[in-house]
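# Chains, contacts and geometry: an overview
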Amino acid sequence: VTGSATYLYAVTRPLPPDRRPDLRGVGGTPVRWVEDGGLAGLVSTVDLAEFGQDALAAHLEDLAWLERTAREHDEIVQASARLTTTLPLRLATICTDDDSARDRLRRLGGRALALLDRLDGREEWGVKLFATATAPPVPETAGAATGTAYLQQRRRQLVQRDVAADTAVRAADEVYTRLVGVAVDARRHRPQDQRLTGAPLPMVLNAAFLVDRDRFDDFRSAVAELAAARPPDSVVLTGPWPPYSFAALEES
Amino acid sequence: VTTVAPTAPPASGPPVQAASLVDLLDRLLGVGVVLSGDVTICLAGVDLVTVKLRALVTSVKEAGP
């Protein structure tokens, strides 16, 4: 595959040219602004040899490429969010050319503008909660002399495991509900795989909260309160994020 | 989000942690404005998540003992 395409990073309200910073997108490509439908899109020109469908599928399997591209994408979205309210797009949103990108903006139109209004003055914060107890280890069947003893032991272990699972679910719900109370909106991402977090205990809540900037102190206090009632490092706060988890906008 | 935000005042409670790659991918692959149609590339979110986890888990295993 040869030729180029237009990588679309984010959508904002139009920004006057003198307020547009000099930004570099994926692979160091210069970021440009295209406008239509009362919206602006941050774009850069990418090579289809890297971002064409087949190349992209292969690259997504390459962790180094994935990380570099995700970080570059995030840098553009963050730079934009520092200037103006920003709707981030999904990683590797590729349009055939600038006209196609403008066509997208036109079609997003009023719904994107309404979403931008809703996101004004707000930031995303991430809260992760880790379990405080694990299920007991898998039984050593050799320790059970008879079939009956084995079954009894197995039953006890299953009950203990259920209790641990219930406790985790309740803790996650408690934290989530408390923070929903000081946020404008909230989403639960899937808890991250323990192999990826490297944490000693499983993650039980992976949530994102949309918080008013001028209510952040309340949010922070609520997080502090929840953390104080739990073992160290079981509550993790990240942010502020651009509103990644709150910009979902299906195109009709 | 790799640095502590200037908007975060020194408050009690857990410090703001640097975002991990997985935190970032949760957000970049899962949500965001979804475009579809005649755009050249639009892999479904589910496919991307699967790809992501396979790539990450594979690398974790390789890096392990």
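Each remark here, short or long, concerns the structure printed above.
Here goes a summary of the coordinates provided. (Residues numbered from 1 in each chain as written. Chains lettered and ligands numbered in written order. Predicted model: local features only at pLDDT ≥ 70, side-chain atom pairs only at ≥ 80, totals over all residues. Heavy atoms only, no water.)

On to the overall build of chain B, then. Scanning chain B from N- to C-terminus turns up 2 helices and 2 strands. Taken from the N to the C terminus, the helices and strands of chain B come in the order β-α-β-α. Residues counted as buried form 46% of the 65 residues belonging to chain B. Carbon and sulfur atoms make up 64% of the accessible area of chain B, which totals about 3100 Å². (Helix = DSSP H or I, 4+ residues; strand = E, 2+ residues; numbered from the N terminus. Buried < 20%, exposed > 50% of the residue type's maximum accessible area, 1.4 Å probe, protein only. Areas by Shrake-Rupley, 256 points an atom, 1.4 Å probe, with all protein chains shown as cover.)

Okay, the overall build of chain A next. Looking only at helices and strands, chain A has 7 helices and 10 strands in total. Relative to the compact-globule value of 18 Å for 252 residues, chain A shows a C-alpha radius of gyration of 23 Å, a clear excess of over 25%. Structurally, chain A occupies a C-alpha span of about 75 × 45 × 30 Å along its principal axes. Residues counted as buried form 49% of the 252 residues belonging to chain A. (Rg over C-alpha atoms; globule rule 2.2 N^0.38 Å.)

In this structure, A:Tyr7, A:Tyr9, A:Phe51 and A:Leu91 are the most contacted members of the largest nonpolar core, which totals 33 residues. Counting only elements with at least two residues in this core, the list comes to strand 1 (4-12), strand 3 (39-47), helix 1 (48-51) and helix 3 (63-83) of chain A together with helix 1 (21-30) of chain B. What A:Tyr7 contacts, discounting residues up to four positions off in sequence, is A:Val26, A:Leu42, A:Val43, A:Ser44, A:Val46, A:Phe51, A:His73, A:Leu91, A:Ala92, A:Thr93 and A:Ile94. Membership of the second largest hydrophobic core comes to 27 residues, among which are A:Ala171, A:Tyr176, A:Phe216 and A:Phe219. (Core = buried A, V, L, I, M, F, W, Y, C linked by side-chain atoms within 4.5 Å. Contact = heavy atoms within 4.5 Å.)

Residue and element names in this part refer to chain A. Counted under the stated rule, the structure contains 20 salt bridges over all chains. A salt bridge links aspartate 218 to arginine 215; the nearest nitrogen and oxygen atoms lie 3.3 Å apart. Among the residues examined, aspartate 218 registers a relative accessible area of 38% and is labelled partly exposed. Beyond isolated ion pairs, a larger network of salt bridges with shared partners links Asp36, Asp103, Arg106 and Arg107. (Salt bridge = Lys/Arg side-chain N within 4 Å of Asp/Glu carboxyl O.)

Structural remark: α-helix, 3.6 residues per turn; residues separated by three or four positions point the same way. Residues and elements named next belong to chain A. Taking 1.5 Å per residue, 22 residues should reach 32 Å; helix 4 (residues 98-119) reaches only 26 Å between its end C-alpha atoms and comes up short. A maximum bend of about 70° is found in helix 4 at glycine 109. Along helix 4, the residues that are buried comprise Asp98, Ser100, Ala101, Asp103, Arg104, Leu105, Leu108, Gly109, Ala112, Leu115, Leu116 and Leu119. Measuring from the side-chain oxygen of the N-cap residue of helix 4 to the backbone nitrogen of aspartate 99 gives 3.2 Å; that N-cap residue is aspartate 97. Immediately downstream of helix 4, the backbone of glycine 121 shows phi near 75°, a positive value. (Expected span 1.5 Å × (residues − 1). Bend = angle between axes of the 7 residues up to and from the residue. Polar contact = N/O pair within 3.5 Å; in protein donor to acceptor, adjacent residues only side chain to side chain.)

With that settled, the discussion passes to the side chain of A:Thr29. On the secondary structure map, A:Thr29 appears in the loop between strand 1 and strand 2 (32-36). Once residues lying within four places of it in the same chain are set aside, the contact partners of A:Thr29 are A:Tyr9, A:Leu23, A:Arg24, A:Ser44 and A:Thr45.

Time to look at the pairing of strand 6 (residues 122-130) of chain A. Every regular strand shows the same layout, with side chains that alternate between the two sheet faces. Residue and element names in this part refer to chain A. Within strand 6, 8 of the 9 residues are buried, which leaves it mostly tucked inside the rest of the structure. With 5 bridges joining them, strand 6 and strand 9 (residues 235-241) adopt antiparallel strand pairing. By the bridge assignment, valine 127 is partnered in strand 9 with leucine 237. (Pairing = 2+ DSSP bridges.)

Another aspect to go through is the sheet that holds strand 9 of chain A. Spatial ordering of the open sheet is given by 7(A)-8(A)-6(A)-9(A)-1(B), a layout of 5 strands whose pairing is mixed. At either end of the open sheet lies a strand with only one pairing partner, and these are strand 7 (185-189) of chain A together with strand 1 (16-17) of chain B. Across the sheet, helix 7 (residues 216-228) of chain A is in contact with strand 6, strand 8 (203-212) and strand 9 of chain A together with strand 1 of chain B; its angle to strand 9 of chain A comes to roughly 160°. (Axes fitted to C-alpha atoms, helices over the stretch in contact; angles between N-to-C directions.)

So, on to the packing of helix 5 (residues 147-180) of chain A against helix 7 of chain A. Residue and element names in this part refer to chain A. At a closest axis distance of 10 Å, the pairing of helix 5 and helix 7 adopts a crossing angle of 160°. Between helix 5 and helix 7, the crossing angle belongs to the class labelled roughly antiparallel. The two elements helix 5 and helix 7 cross, and the hand of that crossing is right-handed. In contact with Val175, Arg178 and Leu179 of helix 5, helix 7 contributes Phe219, Ala222, Val223, Glu225 and Leu226. (Parallel < 35°, antiparallel > 145°, perpendicular 65-115°, else oblique. Left-handed = near helix turned anticlockwise from the far one by under 90°.)

This part covers the environment of A:Arg220. Along the chain, A:Arg220 falls in helix 7. Through-space distance from the C-alpha of A:Arg220 to that of A:Asp185 is 15 Å; in sequence the pair is 35 residues apart. Separated by 2.6 Å, the side chain of A:Arg220 and the backbone oxygen of B:Pro14 make a polar contact.

Scope: geometric values only; no functional claims are made or implied.
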